[in-house]
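# Residue-level structure breakdown
As a plain string of letters, each chain reads:
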Amino acid sequence: AQHGAGTKVLDAACGSCVNYEVLRNHKVPCVYTGLDRTDKLLEEAKRRYGDEITLVKGFVQEMPVPDESQDVVILRHIVEHLEEGYELAIKEALRVAKKEVILVFFLTPRQEMTDIIEQSQPDENGCTYFWNTYSWPKFAQFVASLGVQIQVKHIQTPGAAHADTIVRLIK
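The structure contained in this document is the topic of the report that follows. (Residues numbered from 1 in each chain as written. Predicted model: local features only at pLDDT ≥ 70, side-chain atom pairs only at ≥ 80, totals over all residues. Heavy atoms only, no water.)

### Some words on the packing of aromatic side chains
Aromatic rings in a pair are described by how distant their centres are and how their planes are angled relative to each other. One pass over the full model with this rule turns up nine aromatic pairs. With 5.0 Å between their ring centres and 75 degrees between their planes, Y20 and Y49 make a pair best called edge-to-face. Pair noted here: Y20 is in helix α1 (residues 18–25) and Y49 is in helix α2 (residues 39–49), with a separation of 29 residues, a long-range link. For Y20, a relative accessible area of 9% corresponds to the buried category. An aromatic cluster is built from Y86, F105, Y134, W136, F139 and F142, whose rings are joined through pairwise contacts. (Phe/Tyr/Trp six-rings, centres within 6.5 Å; stacked < 30°, edge-to-face > 60°. Helix = DSSP H or I, 4+ residues; strand = E, 2+ residues; numbered from the N terminus. Buried < 20%, exposed > 50% of the residue type's maximum accessible area, 1.4 Å probe, protein only.)

In structure tokens form, the structure reads like this:
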């Protein structure tokens, strides 16, 4: 779906706002808000883009953003990293989105009925990360319960380690 110049985009778990850079480079007009839990990444985004964007500190599971205040919510390369899975983050994104949620999986969901939840070894900062590969049938069943339309695309970005699975949840 094409969205106009005033389209409000919330990029949840935005990091340093790489998605904004892509939107800007492709001249996609939007009113961009980045949400992340990490001060260091928000500071980097602020340094790069200044007043072009709005930044909010928060978690994808509990966004400090009003209901249906954004046209589009992007969850890119985040749900595989959530210890508790994707359900809460997706429900929260749908609460905030007026029109649609765009999910981007970097680990292609599998056809089996079980999710693979894997936790990394602690890194040099003592942080562990999750690398979850979800069950597509379970995911599809969950999405069906939300009463949204679903569109799916697979994209291989040159140089990327994994193909992306892009899932649009349209209200």
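### Points about the sheet that holds strand β1 (residues 8–12)
Spatial ordering of the open sheet is given by β3-β2-β1-β4-β5-β7-β6, a layout of seven strands whose pairing is mixed. Of all the strands in the sheet, the pair left with one neighbour each is β3 (54–57) and β6 (149–155). Each adjacent strand pair in this sheet contributes to an overall mean axis angle of 20 degrees, direction not counted. Contacting β2 (31–36) and β3, α2 crosses the sheet at an angle of about 175 degrees to β3. Helix-sheet contacts for helix α3 (residues 87–96) involve β1, β4 (70–76), β5 (97–105) and β7 (164–170), and the interaxial angle to β5 is about 145 degrees. (Pairing = 2+ DSSP bridges. Axes fitted to C-alpha atoms, helices over the stretch in contact; angles between N-to-C directions. Contact = heavy atoms within 4.5 Å.)

### Description of the pairing of β1
Counting buried positions along β1 gives four out of five residues, so the element sits mostly inside the fold. Relative to β2, β1 runs parallel, the two sharing five bridges. Bridging across to β2, K8 finds its partner in V31.

### What to know about the pairing of β2
Across the six residues of β2, five count as buried, placing the element largely inside the fold. Handedness of the crossover joining β1 and β2 through α1 is recorded here as right-handed. With four bridges connecting them, β2 and β3 associate as parallel partners. By the bridge assignment for β3, T33 is matched with T54. In terms of handedness, the path from β2 via α2 over to β3 forms a crossover that is right-handed. (Right-handed = clockwise from strand over helix to strand, strands pointing away.)

### So, the environment of P29
Within the secondary structure, P29 is located in the loop between α1 and β2. Sequence-wise, P29 and L107 are 78 residues apart; in three dimensions their C-alpha atoms are separated by 29 Å. Apart from residues lying up to four places away in sequence, P29 is in contact with G4 and A5.

### Looking at the side chain of E80
With respect to the helices and strands, E80 occurs in the loop between β4 and α3. In this structure, E80 is buried with no salt-bridge partner, the nearest side chain bearing the opposite charge being R76 at 9.7 Å. Within the structure, the side chain of E80 is placed 3.0 Å from the backbone nitrogen of L107, a separation counted as a polar contact. Each residue touching E80, except ones within four places of it in the same chain, is listed here: V104, F105, F106, L107, F130, W131, N132 and Y134. (Lys, Arg positive; Asp, Glu negative; His and termini not counted. Salt bridge = Lys/Arg side-chain N within 4 Å of Asp/Glu carboxyl O. Polar contact = N/O pair within 3.5 Å; in protein donor to acceptor, adjacent residues only side chain to side chain.)

### Examining the side chain of D36
Within the secondary structure layout, D36 lies in strand β2. Among buried Asp, Glu, Lys and Arg side chains, D36 stands out as unpaired, with R37 the closest opposite charge at 5.7 Å. From its side chain, D36 meets the backbone nitrogen of C14 in a polar contact 3.3 Å long. A polar contact of 2.7 Å, which involves the side chain of D36, links it to the backbone nitrogen of G15. Contact partners of D36, with chain neighbours within four places excluded, come to A13, C14, G15, L41, L42, V56, K57 and G58.

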